[in-house]
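# Residue-level structure breakdown
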Amino acid sequence: MDIRLIALDLDGTLLDSRKCLSQRNYAVLQECMRRGIEIVPCTGRIWQGVPDSVRLMPGIHYAITINGAVVEQVETGEILDERKFPLETALEILELAKSFDTMYDAYAGGLAFGEARFMDHMDRYGIPSQLQSMVRSTRQVVPDVMAKVRELNCPVEKINYFFGDLEERMRARKALEQREDLVISASFPYNLELNTPGATKGEAIQRLAKHLGLSGEQTMGFGDGENDVTTMTMSGFGVAMSNGMEVVKQAADYITLSNDEDGVAEAIEKFVLKRSGE
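Residues numbered from 1 in each chain as written. Predicted model: local features only at pLDDT ≥ 70, side-chain atom pairs only at ≥ 80, totals over all residues. Heavy atoms only, no water.

Sheet strands associate in pairs through backbone hydrogen bonding, adopting either a parallel or an antiparallel arrangement. If you walk across this open sheet you meet the three strands as E3-E4-E5, and the pairing is antiparallel. Since the sheet does not close on itself, it has two edges, and those belong to strand E3 (62-65) and strand E5 (78-82), each with one partner. Neighbour to neighbour, the strand axes of the sheet diverge by 20° on average, direction disregarded. When strand E4 (residues 70-73) meets E5, the two strands line up antiparallel, connected through four bridges. Counted as the bridge partner of Val 70 is Glu 82 from E5. Running over the sheet, helix H8 (residues 201-211) touches E3, E4 and E5 and is turned about 155° from E3. (Pairing = 2+ DSSP bridges. Helix = DSSP H or I, 4+ residues; strand = E, 2+ residues; numbered from the N terminus. Axes fitted to C-alpha atoms, helices over the stretch in contact; angles between N-to-C directions. Contact = heavy atoms within 4.5 Å.)

Here's what the structure looks like:
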């Protein structure tokens, strides 16, 4: 197995339940980079919303962000590839959100925007307390998300819906599935993440590999959530976390330990660094 690019989901995968990067995972990634292997954060977050432990890690050159909507060279800020909603489509999807009991936000211009009326009541929309601080730290609070999107007058990278009622989430999902101008995924059981067609992690991994002159077989991808299924199916070797959703595990080539057991390091040591016999 000649792996030259490793794409890593963050929440529930590389980061533990406390949103921390373990010493073992860090050391293994550093060893990969010393061997010339590209380590690529592959996340639903914007780049500025990535924890410093990852974002400031020496040796990271590229990132796949917002579920594959953006592929960027992080040192220069150069955008290598982007797949975004046209403005009018994004406004339609935000308007549709008002038909459901949902908290919604939007990513545009490299930033994420939410409304105080939602951010002050995240418990009501199913967001657990341990994730609320992450949501607050990665959103700019505006009076009206739709008005902000109109003001920016630019394509939109992603729209999130959050639900306290899972039956309402299913109702919204069925309505969204009637549209052919979006792809639906999720990082958590209580949200829906909406991107334009082509903006998936797996497709972005393939596009970055091509940019670097690598074959698909030279890529390895890790994940735990529904938005990581394409990482499993479109990487050369897909690794699901044992804490991951069943749909991710079913699509994977290998199931590693959980994110609290250094599962990323375990799989890389076994298949890339060949330390299984140590």
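Now that the structure has been shown, we can carry on.
Take helix H1 (residues 23-34) next. Look at H1: 16 Å from first C-alpha to last across 12 residues, which is about the 16 Å you get at 1.5 Å a residue. Those residues of H1 that sit buried are Asn 25, Val 28, Leu 29, Gln 30, Glu 31, Cys 32 and Met 33. Contacts made by the buried residues of H1 are with strand E1 (5-8), strand E2 (38-41) and helix H11 (263-271). (Expected span 1.5 Å × (residues − 1). Buried < 20%, exposed > 50% of the residue type's maximum accessible area, 1.4 Å probe, protein only.)

Looking now at the environment of Thr 138. Considering the arrangement of structural elements, one finds Thr 138 in helix H5 (residues 129-138). Thr 138 sits in the buried class, given a relative accessible area of 9%. Considering only alpha carbons, one finds Thr 138 and Trp 47, 91 residues apart in sequence, at a separation of 9.8 Å. Dropping the residues within four chain positions of it, Thr 138 is found in contact with Ile 46, Gly 49 and Ala 112.

Moving on, we come to the pattern of salt bridges. Under the criterion given, the structure shown has 24 salt bridges. Between Arg 24 and Glu 269 there is a salt bridge whose closest N-O contact spans 2.6 Å. One end of the pair, Arg 24, is in helix H1; the other, Glu 269, is in helix H11, with 245 residues separating them in the sequence. Owing to a relative accessible area of 33%, Arg 24 belongs among the partly exposed residues under this scheme. The shortest N-O distance in the salt bridge between Lys 201 and Asp 228 comes to 2.7 Å. Taken together, the residues span a long stretch of sequence, with Lys 201 in helix H8 and Asp 228 in the loop between strand E12 (219-223) and helix H9 (229-234) at a distance of 27 residues. One exposure class covers both Lys 201 and Asp 228, and it is buried. Each of Asp 9, Lys 201 and Asp 228 takes part in a single network of salt bridges with overlapping partners. (Salt bridge = Lys/Arg side-chain N within 4 Å of Asp/Glu carboxyl O.)

Before going further, it helps to examine the packing of helix H3 (residues 87-97) against helix H6 (residues 145-152). Direction vectors running N to C along H3 and H6 enclose 175°, while the axes themselves pass 10 Å from each other. Taken as axis vectors, H3 and H6 run roughly antiparallel relative to one another. Of the residues in H6, those in contact with Leu 87, Leu 91, Leu 94 and Glu 95 of H3 are Val 145, Met 146, Val 149 and Arg 150. For the contact of H3 with H6, the per-class residue count stands at six nonpolar, no polar and two charged. (Parallel < 35°, antiparallel > 145°, perpendicular 65-115°, else oblique. Nonpolar A, V, L, I, M, F, W, Y, C, P; charged D, E, K, R; others polar.)

So, about the layout of surface pockets. The space that makes up the largest pocket amounts to roughly 330 Å³. Every residue lining the largest pocket is counted, 20 residues in all, and those nearest its centre are Asp 11, Gly 12, Phe 188, Asp 224 and Asn 243. A breakdown of the residues in the lining of the largest pocket according to their chemical character gives seven nonpolar, eight polar and five charged. Approximately 180 Å³ is the volume attributed to the second largest pocket. Taken together, 13 residues line the second largest pocket, and the ones lying closest to its centre are Trp 47, Val 70, Glu 72, Ile 79 and Gly 110. Elements that contribute at least two residues to the lining of the second largest pocket include exactly E4 and E5. Here the lining of the second largest pocket is built from residues that sort into five nonpolar, four polar and four charged. (1 Å grid on protein atoms, 1.4 Å probe; cavity = no way out; pocket = protein on both sides within 12 Å on 5 of 7 lines; lining within 4 Å. Points joined across faces, edges and corners; volume = space filled by probe spheres on them.)

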